[in-house]
Amino acid sequence: MGAIRRFIFRRRGGDRWHWTDVVAWTWLILGLVLMLGPAIWLTLSSFKTRSALNEFPPTLLPLTTETRAVEGFDEPLELYRVTLEDGEERVLAQVRRVGIVAQMVDPDDPGERIEVPIADRVPVRTTELATENFTEPLERFAFLTFFYNSVFVTVMATVITLIVNSMAAFALSKYQFRGRGTVLIFILATLMVPLPVILVPIYVVINYLNLFDSLWGVILPTVATPTGVFLLRQYMLTIPDELIEAARMDKASEWKIYWRIILPLTAPALAVLAIFSVMWRWNDFLWPLVVLSQRELYTLQVGLNAFAGELNVQWHYVLAMTVLTMLPVVVIFVFLQRFITSGVATTGMK
Amino acid sequence: MTDETERPITSTPLASLRAAAFWPLRLVMNLIDRPLTWLQATFGQRAMIVFFLLPNMAIFGIFVMLPLVINVIYSFTGGSALFLDDRVGVGFEQYQTLFDCRDFTDPFSCRQDAFWAGVYNTLTFMLLQVPAVALTALVTALVLNREMRGRGFWRAIFFFPVLLSPVVVGLIWKWILERNGLLNALLNGLGLEGTVWLGDSFWAMFWAIFVSTWAHMGFYTLILLAGLQSIPRDLYEAADMDGTSRPRALLRITLPLLWPTMLVVLILALIRAVQIFDEVYVLTGGGPGTSTQMLVQYIYQTGFAALLRNLGLAAAASILMGLVLMVLTLLQLGIAARRSREVAG
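The rules behind each value
- Residues numbered from 1 in each chain as written.
- Chains lettered and ligands numbered in written order.
- Predicted model: local features only at pLDDT ≥ 70, side-chain atom pairs only at ≥ 80, totals over all residues.
- Helix = DSSP H or I, 4+ residues; strand = E, 2+ residues; numbered from the N terminus.
- Contact = placed C-beta atoms within 7 Å.
- Rg over C-alpha atoms; globule rule 2.2 N^0.38 Å.
- Nonpolar A, V, L, I, M, F, W, Y, C, P; charged D, E, K, R; others polar.
- Core = buried A, V, L, I, M, F, W, Y, C linked by C-beta atoms within 7 Å.
- Buried ≥ 20, exposed ≤ 12 C-beta atoms within 10 Å, placed from the backbone.
- Axes fitted to C-alpha atoms, helices over the stretch in contact; angles between N-to-C directions.
- Pairing = 2+ DSSP bridges.
- Expected span 1.5 Å × (residues − 1).
- pLDDT = per-residue confidence, 0-100.

**Q** Help me understand the overall build of chain B, please; the structure alone is not making it clear to me.
**A** Of the regular secondary structure elements, chain B holds 15 helices and two strands. Seen along its three principal axes, the alpha-carbon backbone of chain B occupies a region of about 85 × 70 × 50 Å. For chain B, the proportion of contacts with a sequence separation of at least 24, taken over those separated by at least 6, is 65%.

**Q** I tried to follow the overall build of chain A on my own but got confused; where do I start?
**A** Broken down by element type, chain A carries 15 helices and eight strands. Radius of gyration (C-alpha) of chain A: 30 Å, far over the 20 Å computed for a compact globule of 350 residues. The C-alpha extent of chain A, read off along each of the three principal axes, is 100 × 65 × 40 Å. The contacts in chain A between residues at least 6 apart in sequence include a share of 65% that link residues at least 24 apart.

**Q** Mind showing me how you'd approach the interface of chain A and chain B here?
**A** The interface is formed by 78 residues belonging to chain A together with 80 residues belonging to chain B. Broken down by element, the residue count for the side of chain A that touches chain B peaks at 13 residues, all from helix 2 (residues 19–46) of chain A. Tallied by class, the residues present in the side of chain A that touches chain B amount to 57 nonpolar, 17 polar and four charged.

**Q** Could you clarify how one ought to interpret the nonpolar core in this entry?
**A** Buried together is how nonpolar side chains tend to be arranged in soluble globular proteins. Ala168 of chain A together with Ala137, Trp207, Tyr220, Leu224 and Ala317 of chain B are the most contacted members of the largest nonpolar core, which has 159 residues in total. Not counting the four nearest positions on each side in its chain, alanine 168 of chain A is found in contact with Val229 of chain A together with Phe52, Leu53 and Asn56 of chain B. Grouped together as the second largest cluster of nonpolar side chains are ten residues, Leu79, Leu92, Ala93 and Val116 of chain A included.

**Q** Honestly, the packing of helix 11 (residues 254–265) of chain A against helix 3 (residues 23–43) of chain B in this entry has me stumped. Any pointers?
**A** Helix-helix packing: each pair is described by the crossing angle between the helix axes and the interaxial distance. For the pair helix 11 of chain A and helix 3 of chain B, the least separation of the axes is 8 Å and the interaxial angle reads 145°. Contacts between helix 11 of chain A and helix 3 of chain B involve Glu254, Trp255, Lys256 and Trp259 of chain A from the first element and Met29, Ile32, Asp33, Leu36 and Gln40 of chain B from the second. Tallied by class, residues from the contact of helix 11 of chain A with helix 3 of chain B come to five nonpolar, one polar and three charged.

**Q** Where do I start with the pairing of strand 6 (residues 109–117) of chain A in this structure?
**A** Regular strands place their side chains on alternate faces of the sheet. All names here are of chain A. Pairing analysis gives six bridges linking strand 5 (residues 101–106) to strand 6, with the strands arranged antiparallel. Paired with valine 101 across the strands is proline 117, a residue of strand 6. With antiparallel pairing between neighbouring strands as the criterion, strand 5 and strand 6 make up a hairpin whose turn holds two residues.

**Q** Got a minute to help me understand unusual backbone geometry in this structure?
**A** Among all residues except glycine, the phi angle is most often negative; among peptide bonds, the trans geometry is most common. Residues and elements named next belong to chain A. Although it is not a glycine, aspartate 213 sits at a positive phi angle of roughly 60°. Following the sequence through the fold, aspartate 213 ends up in the loop between helix 7 (199–208) and helix 8 (215–219). Accessibility expressed as a C-beta count within 10 Å gives 14 for aspartate 213, which makes it partly exposed. The backbone of lysine 251 sits at a positive phi, close to 65°, despite the residue not being glycine. On the secondary structure map, lysine 251 appears in the loop between helix 10 (241–249) and helix 11. Owing to 8 C-beta atoms within 10 Å, lysine 251 belongs among the exposed residues under this scheme.

**Q** Can you help me understand helix 12 (residues 267–283) of chain A in this one?
**A** Since one α-helical turn is 3.6 residues long, residues separated by three or four positions face the same way. Taking 1.5 Å of rise per residue, 17 residues should cover 24 Å, and helix 12 of chain A covers 24 Å from first to last C-alpha, within 8% of that figure. Among the residues of helix 12 of chain A, Ala269, Leu270, Val272, Leu273, Phe276, Ser277, Met279, Arg281, Trp282 and Asn283 of chain A are the ones counted as buried.

**Q** Please clarify how the pairing of strand 3 (residues 77–83) of chain A should be interpreted in this entry.
**A** Residues and elements named next belong to chain A. In this sheet, strand 3 lies alongside strand 2 (residues 67–68) in antiparallel orientation, the contact comprising two bridges. Bridge pairing in strand 3 links threonine 67 to glutamate 78. Adjacent in sequence and paired antiparallel, strand 3 and strand 4 (residues 89–98) are bridged by five residues, among which glycine 87 carries a positive phi angle near 90°. With three bridges connecting them, strand 3 and strand 7 (residues 121–123) associate as antiparallel partners. Its bridge partner lying in strand 7, valine 82 is registered against arginine 121.

**Q** How should the confidence of the model for chain B be read in this particular structure?
**A** Close inspection of predicted coordinates is inappropriate for parts of the model with low pLDDT. Residue and element names in this part refer to chain B. Put simply, chain B has an average pLDDT of 87, and 96% of its residues get 70 or more. Mean pLDDT per element in chain B: helix 1 (residues 2–6) is the minimum at 45, and helix 8 (residues 166–176) is the maximum at 94. A low-confidence stretch, residues 1–10 stays under pLDDT 50, and its non-local contacts, those more than four residues away or across chains, total four contacts.

Here is the structure:
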């Protein structure tokens, strides 16, 4: 016992617990509960049936009261564990409830009615996953269409983002030309103009270009990102120019130099930008909300918001759809966590 | 040894799979190569530079710079027409409408009461959320900077909400704050009375601030953590030899050296707070009443969601917001430039 205790509580730098250790661990445990708890609660709730969601206080796990079909009754009856007056415990099926008295029958012998005070009965509960929360919205609410739209926007935007920004970064890092400083300042200046500031005029431009109510209208306005250009440029600056000189000796065209030599060598930075682009596009909300008005063009985020904003919120569907929307991001995070956190720390973007 | 290195790379199944995946891309790139080689041969290297820069510049031009110009023109026009040719000039009328107030401290005395409600709510939000997010991120970064096992795991835990979409964040917390929700159940379990959290203007603002702090704290934690890790170890060793207590080392070494990073965090958080919209919009819808309606929501609603949409008014409001953001961003860039100079020097 003592050895185990020592193993668990042993720490570097001395045996005694400094009070700062206590503060630190309290903060960590609090963080664990507060940061992960809500998402876990959402996931647990999404598997509950509609009636279980209305229960107060809610149960932790998705539980439902067991039912059984009983001879002589059209609907399956709910089962309860009942303590009878003589102290005997039996499992009975409830026919109806009148005030504080429940009329019950023995499911195997439905002839005789037994009256039980409701305080003496406990529902027989089992864990049951309400998978219909997930399957029904897929059929009824164009959820798959939203999903497809989101995937289309994310993939297309990311591919274009990588190509367009890496081309600009290549020109700005590997060529000396007049006006390079001006171009860099021009790109830097776009940092000062976040989307909400030019929401109205971008909408007007999109209408001039006839891209309103089209997924390309969602994709195009933000494929060129200043952070992307600078991230890639910084990386390309570290690639030795001798490589390019050697390729020129071998009569490679500038385009070939870009995509056969520079792009493969920039792969780590491209990967970071790709991960961020996927996150940005998958989670994007305000711009698609403005530019898409037809329901069948909605992305997941816009569709989910519209569905959750309906007058009569059907939480059992909303929760399940929220879990599905969250799922790709969680999967990416679990596998690429190291990339993402180090990417954020070095570039300061998100 | 030489056998190993001379084996062609494509022989492994993974490499051939990757080659197959990139095959369409290679085809396109090779097809483009012909005309581009011709371009280079005819017009020289400069043409290629222009070619490499053009897509990026075109998108920035069409979707950032052009809109900026249109926005200014738009804010001086009125009417319900969408295209610029059809709109009528009204001078400063849109701005006058926004500033038409009897008493600037009371939004309800203004003609555009929703605008001023948005301004004051955004200000309240900024003043409370920025310190909250900076402080919690600081504590978390200090805790995560300690030597302990599973640091990567703990860092991931605190960073996790950053990746969730604002809609998901809003819905997760809306569900917890429901009348029959988890929070009320927990309070009941402690013998306390719950309430309809999002139906009360004070609590709605509280939760808007709480939830956006929850969602973004991990991001700033990582930045601060990078700042903490750049503080030289030997400073602490020297302090330890002098018998300096841990809290004193924190106060005298860590915090002063972390201040430049903290400044970046504060300004980044401010820039984001001015633009706060989506997670609060999903969580509260701006309600109850207009008590959590932010500036961006006013722009969105005036320009796009209202029945009688007024794009000119929305443009004027967004220009006012843009001016504030421009000052903040210049401040950020100035600090970043000073820092890189300090590092270089």
